[in-house]
Amino acid sequence: MRLNRRTALGLGTVATAGTVLGAAGTASAAETTEASPTTPARAAGRVASVFTKHSAAAGGNWQAYVSVADPAGAPVVAVEVDADRRIEAYSVNKIAVATAVLDKVDRGLLTLDQQVEVSAAIVVPGGDGIFSLDGAYPSLVTIGHVLANLLTVSDDTAVRLCGLVAPAAEINSILVAKGFPNTQVQPVANPNRFFLGTSTPRETHDLLRALVAGTLLSPASTTYLLGILRSPVAFTDGIRRTMSSDERARIATKAGWFADARHEAGVIFDRSGAAVLTYALFADGQANPEDFGATHPAVQARAAMGPKFLAAVDRIAGVGKTFRITARRPSNGG
């Protein structure tokens, strides 16, 4: 796929990125010498060059879809690479699982303060998160506690706890009804358990766009879900790594990692709290698949992209509802 000079400079109406960006000098100039773009098309061109540079440096396979909001109309596509390929989404699909649970809350079938039991049998031994660290079972936690751990520390046991109140078949039917037939969990013999399943970059992007537009969930559930994804304890190894606390608060993000895959999807908000950039970045096949830390090539690539994505849209106005985040201040106990 080609990216011509007009698109690289943000002069076209749609900017896209693929495996080839043209001359390296053009990409470098678009990325580093221009002040923060003042139009969505220019911002999309900057995002395209940043994505191409850092994904190429990381190697492996990338499937991605990124757009920049445009108050004049539809979002401007910045990156579109294998965007309709249905792939294992891993923990990025925890957003979809949380959406299904919150949909039941919106319909009055569940409440956030409803309790579920954490039994020794339901804990994923050695899984990511905190429930496996408790060492004392059974205990009772609220659905709200489960969702907070599902979406911040990406707790694996929290997936099973969600399955107690939203079985796999019900989660999938809710997502299909909302327009996401490719974003599905994978059922297993136990109807209350599942693998996290599949999505496509485009569907993950569109689910996030629907969330910030207020068409996915009720206003209360939307604010609740975005508040978790924008919290200081949400994922910080990728897009948000090299940022101030204020900058991190402008980004709602969720990562997924398993085997050789390292994914991340989220939304960047403008300073008023309106969504200005939506990204779904799926990567696999890079070196060092045993490295689940911040030094994995794909994670390093996203850490490099993050501040440059933010800078690219920093003078662009977002679109739609505004979601102000409550200031969080460290506590010394007491």
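Scoring rules and cut-offs
Residues numbered from 1 in each chain as written. Predicted model: local features only at pLDDT ≥ 70, side-chain atom pairs only at ≥ 80, totals over all residues. Heavy atoms only, no water. Helix = DSSP H or I, 4+ residues; strand = E, 2+ residues; numbered from the N terminus. Buried < 20%, exposed > 50% of the residue type's maximum accessible area, 1.4 Å probe, protein only. Arc of directions from axis to C-beta. Contact = heavy atoms within 4.5 Å. pLDDT = per-residue confidence, 0-100. Polar contact = N/O pair within 3.5 Å; in protein donor to acceptor, adjacent residues only side chain to side chain. Phe/Tyr/Trp six-rings, centres within 6.5 Å; stacked < 30°, edge-to-face > 60°. Lys NZ or Arg CZ within 6 Å of the ring centre and 35° of its normal.

1. A few points about the environment of Gly 214
Right, so step 1: By the element assignment, Gly 214 lies in the loop between α8 (201-213) and α9 (219-229).
Right, so step 2: It is 8.8 Å that separates the C-alpha atoms of Gly 214 and Gly 320, two residues lying 106 residues apart in sequence.

2. Things to note about α9
Side chains that are three or four residues apart share a direction in an α-helix, a result of its 3.6 residues per turn.
Right, so step 1: Taken together, the buried positions of α9 are occupied by Ser 221, Thr 222, Leu 225, Leu 226, Ile 228 and Leu 229. Down the axis, α9 shows its buried residues gathered within 155° of arc, on one side only. In this structure, α9 carries Pro 219 and Ala 220 as exposed residues pointing more than 90 degrees from its buried face.
Right, so step 2: Against the buried residues of α9 lie α4 (94-106), α5 (143-151), α8, β8 (251-258) and β9 (261-269).

3. With respect to the confidence of the model for the protein
Low pLDDT marks regions whose predicted coordinates should not be analysed in detail.
Right, so step 1: Considering every residue of the protein, the mean pLDDT works out to 90; 90% of them sit at 70 or more.
Right, so step 2: Across residues 1-30 the pLDDT falls below 50, and counting only partners more than four positions away or on other chains, this stretch makes 58 contacts in the model.

4. Details of the side chain of Asn 93
Right, so step 1: Summarising the element assignment, Asn 93 is placed in the loop between β3 (87-88) and α4.
Right, so step 2: Polar contacts involving the side chain of Asn 93 include one to the main-chain carbonyl oxygen of Leu 196, which spans 2.8 Å.
Right, so step 3: Filtering out sequence-adjacent residues up to four positions away, Asn 93 remains in contact with Thr 183, Gln 184, Leu 196, Gly 197, Thr 198 and Ser 199.

5. A word on the packing of aromatic side chains
Right, so step 1: Applying the stated criterion across every chain, the model contains four aromatic pairs.
Right, so step 2: When the centroid spacing of 5.8 Å and the interplanar angle of 90° are considered together, the rings of Phe 51 and Trp 62 count as edge-to-face. Taken together, the residues span a long stretch of sequence, with Phe 51 in helix α3 (residues 40-58) and Trp 62 in strand β1 (residues 61-70) at a distance of 11 residues.
Right, so step 3: We classify Phe 51 as buried; its relative accessible area is 2%.
Right, so step 4: Between Tyr 90 and Phe 258 the ring centres are 5.3 Å apart and the planes differ by 40°, which places this aromatic pair in the tilted class. Taken together, the residues span a long stretch of sequence, with Tyr 90 in the loop between β3 and α4 and Phe 258 in strand β8 at a distance of 168 residues.
Right, so step 5: The side chain of Arg 230 reaches across the aromatic face of Phe 269, ending 4.3 Å from its centre.

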